[in-house]
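# Coordinates in review
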Amino acid sequence: FDLAPDEALIAEVSLVEEPVYVGMHLSDYWGQSLDYANRLTSINQEQAHRDEDGRLRYVIAHRDPGVPNWLDTTELASGYITLRTTFPQSPPAGRQPTVSCKLVPFGEIARELPDTTPRVTEPERRAQIAARQRHVTRRYRQY
């Protein structure tokens, strides 16, 4: 990604075959994960919202657009986006995931998403971050 402060990137993922894992992750130019405990810099299939058409739409932006699947750049202007998928067997040709991206002004994000896209309130977002913090604490707890 390479975003100005007033821009967003919408990444649309189409899945023909159902993977056992899907994750969209942001990293810096050295491939280091961004702060995934305190910020929404990665989303897996359990955390993601799928639209009615079955697609996953991620919004990569510097600030919260109030929609599901927001990936927070942590104010980095540029970095990498990685889509990771795991399948029980490799999908045949033509049935692998596809991704398309569209750069949009931040103020036009809602126009680019389906009308049925839910809104995420500030309290809901805070609860989402709190859940991430609990999970990371549990994952890296000291014995």
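Residues numbered from 1 in each chain as written. Predicted model: local features only at pLDDT ≥ 70, side-chain atom pairs only at ≥ 80, totals over all residues. Heavy atoms only, no water.

### Comments concerning the layout of surface pockets
Operational definition: The way it works is a 1 Å grid over only the protein atoms, where trapped points that fit a 1.4 Å probe form a cavity and open points with protein on both sides within 12 Å along at least five of seven lines form a pocket, and then any residue with an atom within 4 Å of a point lines it. Grid points are joined across faces, edges and corners, and a volume is the space filled by probe spheres set on the points. Only DSSP runs of H or I reaching four residues or more are called helices, and only runs of E reaching two or more are called strands; each is numbered from the N terminus.
Of the volumes computed, that of the largest pocket is approximately 500 Å³. Lining the largest pocket are 20 residues, with His-25, Tyr-36, Ser-42, Arg-132 and Arg-139 sitting closest to its centre. Quantified by volume, the second largest pocket comes out at close to 170 Å³. Every residue along the wall of the second largest pocket is listed here: Ile-43, Gln-47, Ala-48, His-49, Pro-68, Asn-69, Val-120, Arg-125, Gln-128, Ala-131, Arg-132 and His-135. For the lining of the second largest pocket, the leading source of residues is helix α2 (residues 122-139), giving five residues.

### Comments concerning empty space enclosed by the protein
Using the following cut-off: In this classification, the charged set is Asp, Glu, Lys and Arg, the nonpolar set is Ala, Val, Leu, Ile, Met, Phe, Trp, Tyr, Cys and Pro, and all remaining amino acids, among them Gly, are polar.
According to the stated counting rule, one finds one cavity of 30 Å³ or more in the structure shown. Empty space within the largest cavity amounts to approximately 50 Å³. Lining the largest cavity are His-49, Asp-51, Arg-57, Pro-68, Asn-69, Leu-113 and Thr-117. Considered class by class, the residues forming the lining of the largest cavity number two nonpolar, three polar and two charged.

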